[in-house]
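Structural overview for review
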Amino acid sequence: MTAPPSPVWRLRLRDAAAGTAFGSMAISGQLPLAIVAVFALGLVLALMQRRVLAHRVGLSTAAVFAASLVLILLVLMGRLDLVVSASVFVALLTVQRLLVASTLAVNQQVHLTSVLMTAGGAALSADLLYALFLLTFAGLATFSLTAGVLVQAAAPGETLPTRPAFRRVGMGFAFAVLGAMAFFVFFPRLSLGIAARRSAGLFNTATSGFTGNVRLGGSGTLKTDPRLVARIKLVPDRGLTSLEAYWPGRALDTFDGREWKTLGNDSVTAERLQLRGGGDTLQRQEIELLPAYGSPTLIALDTPVVFFDAIALQPTRSTRTAFIDVRNVEVRAARSAPSYQYQAYSKPDVPTLLRAGDEEVDLSRYLQLPEGLEARVSTLAQEIATDATEPREIASELTKYLKGRYRYSLELPGATTTDPLPDFLFRRKAGHCEDFATALAVLLRIRGVPSRVVTGFFGGERMGDGYVLRAADAHAWVQAWVPGEGFITLDATPEAFRSGRPQPLLAWVVRAYASIESSWQAWVVDYSFRDQMKLTRAAAQGVSAPTRWPKLSRRALAVVWALGVTLIALGAWLLRPRQRAVPEAIRLLLDIERALAQVGARRRETEGIEETLEWLRRTGHPLAPAVSPLVQRYLEARFGARPLRTGERRHLVGTLEAALRVFLTPRASA
Amino acid sequence: MRSSAKPLRGWRRRWAAFWRPPRELKVTTSGRTYLVLTLVVGIGALNTGNNLLYLVLGLQLATIIASGILSERCVRNLSVTRVLPDGCRAGEPVALRYILQTEGEPAFAVEVGEADSPLRSRGQTSFLPPRTERSIRTLATPDRRGPLTLTRIRVTTTFPLGLFAKSRVFDAPQTLWVAPRRVKAAAPTQFRTNRLQGEGIKAPRPGGSGDLLQLREIAFGEDVRRVHWLKSAARGELLRVERERDEPRYAEFEQPSGLTGAALDTWCEATAAHAERLLKQGWLVGLATPQGRVEAASGEGQSAKLLRALATAGFDA
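Further remarks concern unusual backbone geometry. In this chain, A:D302 is followed by A:T303 through a cis amide linkage whose omega measures 5 degrees. Structurally, the position occupied by A:T303 is in the loop between strand 8 (283–289) and strand 9 (304–313). B:P160 follows B:F159 through a cis peptide bond whose omega is 10 degrees. Structurally, B:P160 is set in the loop between strand 9 (146–157) and strand 10 (164–179). In this structure, A:E244 is a non-glycine residue whose phi angle is positive, near 50 degrees.

If you want it as structure tokens, here you go:
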């Protein structure tokens, strides 16, 4: 079957629709990069109307099926996920179809494989962008299919009525989207949402990177990154707009002059991790580390007490995971995954809590100083707070000194020095949080106070009913050992610069996106039978329990009723059965027939007007000359593509009526 | 000759027609595949509980419904009139015209043709603006002589997506009389030459008058008294004399009694061919059938009358 020649724009619509369908799969980040590259290349060629496989259909089809055999083998060997391999196969089939000559069958195949790709995208990704790709695909495919139907029906050389057709189809598309939403909301969920995948996605690559070390030098680009790395729900919610809290992740104890590291410690694995004794004022947190977080190191409000209920959210499934407590270093998930969900209890507002066994910790590692430390650094440490003897007092004075005399800056020209600490303290006198933390920790150690650098996050921005952390909130600070109290938190970084400083516009965009994504996750991806029940219950309560709805006064109620009645009336008027519009030519015919009926010249109902005219002529009827031009004009207007001009019918009928009057007058006198 | 669907009268009938429109729905090839895909996605959604698959399924189902509504709006306000040709021959294409008229709404991708008829006619247009009418000409080939009953006209649209073909069928009873098939080598048919009837037709005078115009081969049924025997003997074939003022020649064919079915068709075809040949030669040709008589006359109009009479031969016109 050969399709009539399609306009180029119509094929581009088709190809673009296929591209968006593939995009719905590609955003999952699970397709092999080679496939993404092959499809992108094929799509570009198709959009440029280069059907390079037009003369190699058999060969390319064989290649696609050979690739399918390879994919089956990879699945059987356990090297490739079944859904991913199926998606790859459909993508290869689509790109092959895109690059062969366009026929009716090929066009249909491209659309149908594109539908399959969107289904594949649904299976692979739960990203908000999927909705965008799905909607775009549906729109483009709808218009492309419509154009195909019009092309099929059009005569050669006929102009396609794209504008009125697309206007109508656009309305239909809007209706379909609303219908899809209604179906989604009301169709009962008979199974659990077990197959929804949580892919990292193309735009959620890891950012925070608890890589194990903190290396001084370099600029702090992370501090401007607006991406979200964690969502936190506090139970009970404190109701604050900003938490301004420390979220410790990893403690580093060894400094070699350029880099902070941590020495190996004992580790414990447990499903529920009790770090220290609790109390009555524990704060529960439900934490979700997003794919942009990018590390198995877990965070919790300072000071964490218990970690429990961890789930590793992997692309294909979600599994429970245990915690690994690397003593005095970090708590991390036992299973590696792009993101995690877990809960924690913390003791907030109390800077320190002694852990069981902390008294036996070897503190010498927290007093270690880098070899070859410049003497002027030691001199500086001794010169500050010379009178202070207590660790807490020394720590306070040193923190105050650094905070007051050093400037926060992310722009550090020449920061790649071999000895960054003296460079910060004596030359630049400006740096970011890692410089401040390093300086404070080293000065404390020089003064004999055990200390360590802690990396994590500082902040907590309100979003919906919870809080979020951005990549820009990544922070480094110091914990110093105070006998009898344990490690206390110290931060020499000026307060204004502790949390992230992303670009305001970018931050707003990310916030808006995150807010929509949060709703998307809650109302689409995780929508369940329980939500449907809640919705039903809420609707029922809405009728019976006016507390859920704003109480309306009588006047407001009257306005609402009036509005409702007006809307119903408007709808009825818009949907009223329209009077059949009679074309002007038909009106002319009716006028002629009416005139002839007055003189009894209309013989039979079924007789055509031409036959009546012929009869008038044959019988020499006096009205024949007057009727003849009107009949002629009627035939031209109706069948001869010469429509009547404005007012022409009235003029013609006027001449006939005049002739009729002349005809009737003598008869009356006779 | 026209036939059009009768408009509904009364709001009750219109209301009933609105809710029970006489529609036919066929699924196209791509529509079938689309339905299978919808089923597959539905099973996938139910089986896995993946909400995004529910979303895709919802969109697919809603698209089907939207497609149905848009196609219904295309055909709901259409009316159609069939215009038949004056005559046609079996085995030859005949032009049928359909006048499509829209009311308040435009129609897209409309195909029009006969329903429940052996006549395969199919015409289409991509667009009919609101409150307009368009004539669509189609060609169809009737395959046998006689009355061809056209009962209904089917108007179909695949708008908007080409997944389904929705049809509306209009009652438009009409009869197209099909004249005998044109045959090249028809066997000569017996006809009478001994009488003429009708006003203004004078009896022929054998031999004619005036100077000799030409000699030509005598045709079957011509008066043998016109043969020029000397020249015929010299040429070895029968030649007849034609003079400047030749007399009108006439022939009247009469349908033999007892002919039915294929034999009657064959006689009609041969008679039509013979009569047309004679008319071209200037003969006055008439026809007598059990259904009636066509008085002998000449010319194009007589040919049409004879063909019409031959079309009805054996049938109740």
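To continue, consider the packing of helix 15 (residues 584–598) of chain A against helix 16 (residues 609–618) of chain A. Residues and elements named next belong to chain A. Taken N-terminus to C-terminus, the directions of helix 15 and helix 16 make an angle of 40 degrees; their axes are 12 Å apart at the nearest point. Accordingly, the angle class assigned to the pair helix 15 and helix 16 is oblique. Crossing of helix 15 over helix 16 shows left-handed handedness. Contact residues: L589, I592, E593 and L596 in helix 15; I609, T612 and L616 in helix 16. Broken down by class, the residue content of the contact of helix 15 with helix 16 amounts to five nonpolar, one polar and one charged.

As a further point, take the nonpolar core. Of all hydrophobic cores here, the largest spans 40 residues; its most connected members are A:W260, A:L402, A:Y406, A:L425, A:L440, A:L444 and A:L490. Listed by contribution, the elements that provide at least two residues to this core are helix 8 (375–383), helix 9 (391–405), helix 10 (420–428), helix 11 (433–446), strand 18 (474–482) and strand 19 (486–490) of chain A. Counting residues per element, this core draws most heavily on helix 11 of chain A, at 10 residues. Aside from chain neighbours lying at most four places away, what touches A:L440 is A:A395, A:L398, A:T399, A:L402, A:V478, A:L490 and A:A492. Ranked by size, the runner-up nonpolar core spans 39 residues in total, among them A:V90, A:L99, A:V110 and B:I64.

The next subject is the environment of A:L367. Residue position: A:L367 is located in the loop between strand 13 (339–346) and helix 8. If we skip the residues at most four places from it in the chain, A:L367 touches A:R445, A:G448, A:V449 and A:P450.

With that out of the way, let us pick up the pairing of strand 3 (residues 78–83) of chain B. Residues and elements named next belong to chain B. Of all the six residues making up strand 3, five are buried; the element is thus mostly covered by neighbouring parts of the structure. The sheet contact formed by strand 3 and strand 5 (residues 94–102) spans six bridges and is antiparallel. Residue pairing in the sheet places V80 in a bridge with L100 of strand 5.

Another aspect to go through is the interface of chain A and chain B. By a widely used convention, the size of an interface equals the accessible area lost when the partners come together. In this assembly, 58 residues from chain A lie in contact with 50 residues from chain B. Counting each side, the surface lost to burial between chain A and chain B is near 4,600 Å², with a carbon and sulfur contribution of 69%. Here chain A and chain B share two salt bridges between them. Across the salt bridge formed by A:R168 and B:E105, the nearest N and O atoms sit 2.9 Å from each other. Connecting chain A to chain B are 10 residue pairs in polar contact (both at pLDDT 80 or more). Contributing elements (two or more residues each) for the side of chain A that touches chain B: helix 5 (104–124), helix 6 (128–153), helix 7 (162–186), helix 12 (504–525) and helix 17 (624–639) of chain A. Considering each element in turn, the side of chain A that touches chain B owes the most residues, 13 residues, to helix 7 of chain A. When grouped by side-chain class, the residues that make up the side of chain A that touches chain B number 40 nonpolar, 11 polar and seven charged.

Residues and elements named next belong to chain A. Spatially, three strands are ordered 1-5-4 in an open sheet, and the strand pairing comes out antiparallel. Looking at strand neighbours, the two that pair on one side only are strand 1 (214–215) and strand 4 (254–255), the edges of this open sheet. The pairing of strand 4 with strand 5 (residues 259–261) spans two bridges and is classified as antiparallel. Among the inter-strand pairings, T254 is bridged to a residue of strand 5, identified as K261. Packed onto the sheet, helix 11 meets strand 1, strand 4 and strand 5 and runs at close to 70 degrees relative to strand 5.

Now for the packing of aromatic side chains. Each aromatic ring pair is summarised here by two numbers: the centre-to-centre distance and the angle between the ring planes. In the structure shown here, the tally under the stated rule is 25 aromatic pairs over all chains. With 6.5 Å between their ring centres and 80 degrees between their planes, A:F323 and A:Y342 make a pair best called edge-to-face. You can see A:F323 sitting in strand 11 (residues 323–326) and its partner A:Y342 sitting in strand 13, a full 19 residues away along the chain. This pair shows no difference in class: A:F323 is buried, exactly as A:Y342 is. An aromatic cluster of three or more residues is present, and its members are A:Y401, A:Y406, A:Y408, A:F424 and A:F436. Above the ring of B:Y54, the side-chain terminus of A:R189 is found at 4.2 Å from the ring centroid. Over the ring of A:F487 we find A:R452; its NZ or CZ atom is 3.7 Å from the centre of that ring.

Thresholds, definitions, all that
Residues numbered from 1 in each chain as written. Chains lettered and ligands numbered in written order. Predicted model: local features only at pLDDT ≥ 70, side-chain atom pairs only at ≥ 80, totals over all residues. Heavy atoms only, no water. Helix = DSSP H or I, 4+ residues; strand = E, 2+ residues; numbered from the N terminus. Axes fitted to C-alpha atoms, helices over the stretch in contact; angles between N-to-C directions. Parallel < 35°, antiparallel > 145°, perpendicular 65-115°, else oblique. Left-handed = near helix turned anticlockwise from the far one by under 90°. Contact = heavy atoms within 4.5 Å. Nonpolar A, V, L, I, M, F, W, Y, C, P; charged D, E, K, R; others polar. Core = buried A, V, L, I, M, F, W, Y, C linked by side-chain atoms within 4.5 Å. Buried < 20%, exposed > 50% of the residue type's maximum accessible area, 1.4 Å probe, protein only. Pairing = 2+ DSSP bridges. Buried area = accessible area lost by both parts, 1.4 Å probe. Salt bridge = Lys/Arg side-chain N within 4 Å of Asp/Glu carboxyl O. Polar contact = N/O pair within 3.5 Å; in protein donor to acceptor, adjacent residues only side chain to side chain. Phe/Tyr/Trp six-rings, centres within 6.5 Å; stacked < 30°, edge-to-face > 60°. Lys NZ or Arg CZ within 6 Å of the ring centre and 35° of its normal.

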